[in-house]
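Commentary on secondary and tertiary structure
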Amino acid sequence: MKPLLYRVLPLLVALTLAAQGAAHGWVGSISIAGTTYQGPPLGTSGPSSVIRQVNTNSPVTSVSDPNLACGPNALEPAQDIASANPGDAIDVYWVSTAGAWFHDVGPMLTYLTNCGSSSPCSQFDTSGAIWFKIQQVGRNAAGWAQAEMNNGAPANLSLPSNLAAGNYIMRHEIIALQNGVSQGGAEFYASCSQLQVGGSGTGAPTSDELVKIPGAYSATDPGILVDVYSNPNAAYTFPGPPIAAFVSGGGSAPPPTNPPGTSGSPSRPTTSPGQPMSPPGGGSPTSTGSRPSSTSCRLQRTILSSRSVPAAATSRRRWHRVLQDLPLFRK
Ligand SMILES: *[C@@H]1O[C@H](CO)[C@@H](O)[C@H](O)[C@H]1NC(C)=O
Ligand SMILES: [Cu+2]
């Protein structure tokens, strides 16, 4: 009974995903200073976790989608809070239905928002929250850092070494740019985790370093509407605000607190914290169904194993386009 179920389940999931026309990814776990925190299974809010889990592996593709903050329907707070300290090393393990994360072009960025001191982040509503950037990585000598995760490696960052103590939500984001050449083609993946940071740091962003999410990006930002294949060595312009100056030891200000009125702001569109979550593979609230752009992501990687050669990159993109038009290959 059980073994059979286990054998059939992945198939069912795959079929559901094929029907949905997408297969992308989510955060399976994070580790903070060596302690691992498992995320809830995709599409659930339990078991208890520090990660606000998304309910679909599909990306957000609109820069004005409220799901840009924490990923699709991850607005429901998680139950747990991770203890952390300034300077802690954090690993973020992005996974996919294929196992490891499989997109390989585009930046990864990390933001924090302060949940305030009156209640823990497990009660914090991120709609209308103000965020500041603490980290971003694009290409390094080996290529896009995102591609390092294709072998199962986590994204890695450190909390600012002088970060003021307090309650924070960490937002880790991948922007997958394989379709970034067309407006609306960039795929945004975000994941929020609830932290309580101790220590005696005083570092905080200045008011001009704070952004709302959505609100921080435009669909035509040079780091979002961009052809990453034609000129692979072109300098990449990260979207969003600069990294807060205090992160590298610059000036600091009193810790910013989200104004009380921001939580549950009526400007939030279609979703609310109390809304029941759909089962795995359920419809994406971002209406990405019309863009089956990444159905062939895994396939193209299998077919074209050569990497980091510009010519191969160009042909990968062509394959991406060709394959996504062939229903035969949508599996
Ligand atoms: C890990 O961090 C190093 C240093 O910032 C960076 O070069 C590398 O690309 C990162 N890897 C990932 C997958 O984030
Ligand atoms: Cu994808």
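Just so it is clear, the structure is predicted and the values come from calculations on it, not from any experiment. Numbering of residues starts from 1 in each chain and follows the order in which that chain's sequence is written. Chains carry letters from A onward and ligands carry numbers from 1 onward, assigned in written order. Per-residue local features are limited, in this predicted model, to residues with pLDDT of at least 70; the limit for side-chain atom pairs, both in listing and counting, is 80 or more; totals at the level of whole chains, interfaces and linings are taken over all residues. With hydrogens and water excluded, all non-hydrogen atoms of the structure serve as input to the side-chain values.

Residues in close proximity to ligand 1 include M108, N140, A145, E148, M149, P154, A155 and N156, which together make up its full environment. Within the contact set of ligand 1, an oxygen atom lies 2.9 Å away from a side-chain nitrogen or oxygen of N140. Each residue is assigned to one of three groups, with Ala, Val, Leu, Ile, Met, Phe, Trp, Tyr, Cys and Pro labelled nonpolar, Asp, Glu, Lys and Arg labelled charged, and all others, Gly among them, labelled polar. Classifying every residue of the shell around ligand 1 by side-chain character gives five nonpolar, two polar and one charged. The nearness test applies per residue and asks whether one of its heavy atoms lies within 4 Å of the molecule or strand. Counted as a polar contact is a pair of N or O atoms within 3.5 Å, where, for protein atoms, one must be capable of donating a hydrogen and the other of accepting one, and residues adjacent in sequence contribute only when both atoms are in side chains.

Attention now goes to the side chain of N67. Here N67 lies in the loop between β3 (51-52) and β4 (82-84). Overall, N67 belongs to the buried group, its relative accessible area being 2%. Strands are runs of DSSP state E lasting at least 2 residues, helices are runs of H or I lasting at least 4, and numbering of each runs from the N terminus. A 1.4 Å probe rolled over the protein chains alone gives each residue an accessible area, and that area as a share of the maximum for its type sets the label: buried under 20%, exposed over 50%, partly exposed in between.

For the rest of this paragraph, the subject is the pairing of strand β2 (residues 35-38). Only strands that DSSP links by at least two bridges are regarded as paired with each other. By the bridge criterion, four bridges tie strand β1 (residues 25-32) to β2 in an arrangement that is antiparallel. Among the inter-strand pairings, S31 is bridged to a residue of β2, identified as T36. Here β1 hands over to β2 after two residues, with A33 in that stretch at a positive phi of 50°.

To continue, consider the coordination of the copper ion (ligand 2). Looking at the copper ion (ligand 2), the protein donor atoms are H24 (ND1), H103 (NE2), E187 (OE) and Y189 (OH), and they sit 1.9 to 2.5 Å from it. With four donor atoms in place around the copper ion (ligand 2) and angles of 62 to 165° between them, the coordination shape is irregular. Each metal site is built from N, O and S donor atoms within 2.8 Å (3.2 Å for Na, K and Ca), and since water is not included, such sites may look incomplete. Counting the intervening residues between successive donors of the copper ion (ligand 2) yields the motif H-x78-H-x83-E-x1-Y. On the criterion of sequence distance, the pair formed by H103 in the loop between β6 (99-100) and β7 (108-114) and Y189 in strand β13 (residues 187-197) is long-range, its members being 86 residues apart. Each label reflects the angles at the metal, where four donors whose angles all fall between 85 and 135 degrees are tetrahedral, four or six donors whose opposite pairs open beyond 155 degrees and whose other angles stay between 65 and 115 are square planar or octahedral respectively, and the rest are irregular.

Grouping buried Ala, Val, Leu, Ile, Met, Phe, Trp, Tyr and Cys residues that are joined through side-chain atoms within 4.5 Å yields what is termed a nonpolar core. Within the largest apolar cluster, 33 residues are counted, with the highest numbers of intra-cluster contacts made by W131, L177, F188, I213 and Y217. Elements represented by at least two residues in this core include exactly β7, β12 (166-176) and β13. Throughout, a contact is declared for two residues whenever any of their heavy atoms are within 4.5 Å. Not counting chain neighbours up to four residues away, the residues in contact with Y217 comprise V63, L68, L109, Y111, R171, E173, I175, F188, I224, P239 and G240. If you look at the next biggest cluster of nonpolar residues, it comprises 32 residues, including L157, L195, V197 and A244.

Once that is clear, we can look at the packing of aromatic side chains. Note on ring pairs: Phe, Tyr and Trp rings are taken, using the six-membered ring of Trp, and paired if centres are within 6.5 Å. Classes follow the plane angle, with under 30 degrees stacked, over 60 edge-to-face and the rest tilted. Tallying each qualifying case throughout the model produces eight aromatic pairs. By the ring-pair criterion, three or more aromatic residues cluster together here, those being W94, W101 and Y189.

All right, on to the side chain of H24 then. In this structure, H24 sits in the loop between α1 (2-20) and β1. Given the relative accessible area of 2%, H24 is considered buried. Separated by 2.9 Å, the side chains of H24 and Y189 make a polar contact.

The next subject is the confidence of the model for the protein chain. Counting all residues, the mean pLDDT for the protein chain is 78, and 69% of those residues have values of 70 or more. Taken as a whole, residues 8-21 scores under 50 in pLDDT and shows 12 contacts with residues more than four places along the chain or in a different chain. pLDDT gives the predictor's per-residue confidence on a scale running from 0 to 100. In the predicted structure, residues 261-331 sits below a pLDDT of 50 and forms 120 contacts with residues beyond four places in sequence or in another chain.

Moving on, we get to the state of the cysteines. Working definition: a disulfide is two cysteine sulfur atoms within 2.5 Å of each other. Inspection of the entire model under this criterion finds two disulfides. The partner cysteine of C70 in its disulfide is C192, sulfur to sulfur 2.0 Å. Taking the torsion about the sulfur-sulfur bond, which here is approximately -85°, the covalent link between C70 and C192 counts as left-handed. Of this pair, C70 sits in the loop between β3 and β4 while C192 sits in strand β13, placing them 122 residues apart in sequence. Of the two residues examined, C70 and C192, each falls in the buried class. Each disulfide pairs two cysteine sulfurs, and for C115 the partner residue is C121, the sulfurs being separated by 2.0 Å. Note on the C115 and C121 pair: the S-S dihedral is about 105°, so by sign convention the disulfide is right-handed.

This brings us to the environment of L112. With respect to the helices, strands and loops of the structure, L112 is situated in strand β7. The spacing of L112 and Q135 is 23 residues in sequence and 9.8 Å in space, taken between C-alpha atoms. Leaving out residues up to four positions away in the same chain, L112 has contacts with I130, W131, F132, I134, L159, L163, Y168, I169 and M170.

Let us look at the pairing of β13. β13 sits mainly inside the fold: 10 of its 11 residues count as buried. Bridge analysis of β3 against β13 gives two bridges, and the strand direction is antiparallel. Across the sheet, residue R52 finds its bridge partner in β13, namely C192. Both β12 and β13 contribute to a ladder of 11 bridges, which runs antiparallel. Looking across to β13, one finds that M170 is bridged to S193.

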